[in-house]
Amino acid sequence: PRRQRDLEHLLTIAKRYKTSEELLADVALDPIDTAAEAAKGQGFVTLSTVHSAKGLEWTALFIIWMLDGWFPSSRAYDAFEDLEEERRLLYVAATRAKQYLYFVSPMSAYESGGSAMFAGVSRFLETIPADLLPRATLDGE
């Protein structure tokens, strides 16, 4: 149940591909042959989950889906320990940036099936002063 939303999102992405081989070629995380080259600054982009980022470092790091209800997950709201685990995961991910760190969130997002809408920056970022974490919005205008 904790990963249900992730699985639904993966299914949405997978529907765009004709074969599982094409899907895996595009979304494989941390491919062994390119991860070493990316670390050397050879122009590769490495996709990583927050969970698999421990021990790795990148010059520029984008942490995506920093939307309240996604990070932290709305499932973590009820238990203090779960919320603190999500905060710890964010800390581990954010400390993987060598030089540039960006937190990215959509203006709003709908859960699969349209049952819930999430809006607003993650509560983990709200308390960080603007002089430490400048904010910018790209709204297409």
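Because the structure is a prediction, the values reported are computed rather than measured.

**Quick look at helix α4 (residues 80-94)**
The end-to-end C-alpha separation of α4 is 21 Å, in line with the 21 Å expected for 15 residues at 1.5 Å each. Those residues of α4 that fall on the buried side of the exposure criterion are L83, E86, L89, L90, V92, A93 and A94. Residues of α4 that are buried in the fold lie against β1 (58-63), β2 (97-103) and α5 (123-126).

**Regarding the side chain of R96**
Mapping R96 onto the fold places it in the loop between α4 and β2. Despite being buried, R96 has no salt bridge partner; E57 is the closest side chain of opposite charge, sitting 5.2 Å away. Reaching out from R96, the side chain makes a polar contact with the backbone oxygen of V92 at a distance of 2.9 Å. Excluding its chain neighbours within four sequence positions, the residues that come into contact with R96 are A53, K54, G55, L56, E57, W58 and L61.

**Topic: the nonpolar core**
Considering soluble globular proteins, one finds that nonpolar side chains tend to be buried as a cluster. If you look at the biggest cluster of nonpolar residues, it comprises 16 residues, and the most contacted ones within it are L61, I63, M66, F71, L90 and F124. Mapped by element, the contributors of at least two residues to this core are β1, α4 and α5. For this core, the element with the highest residue contribution is α4, accounting for five residues. Setting aside anything within four residues of it in sequence, one finds F71 in contact with V50, W65, M66, E86, L89, L90, S122 and F124.

Cut-offs used in this document
- Residues numbered from 1 in each chain as written.
- Predicted model: local features only at pLDDT ≥ 70, side-chain atom pairs only at ≥ 80, totals over all residues.
- Heavy atoms only, no water.
- Helix = DSSP H or I, 4+ residues; strand = E, 2+ residues; numbered from the N terminus.
- Expected span 1.5 Å × (residues − 1).
- Buried < 20%, exposed > 50% of the residue type's maximum accessible area, 1.4 Å probe, protein only.
- Contact = heavy atoms within 4.5 Å.
- Lys, Arg positive; Asp, Glu negative; His and termini not counted.
- Salt bridge = Lys/Arg side-chain N within 4 Å of Asp/Glu carboxyl O.
- Polar contact = N/O pair within 3.5 Å; in protein donor to acceptor, adjacent residues only side chain to side chain.
- Core = buried A, V, L, I, M, F, W, Y, C linked by side-chain atoms within 4.5 Å.

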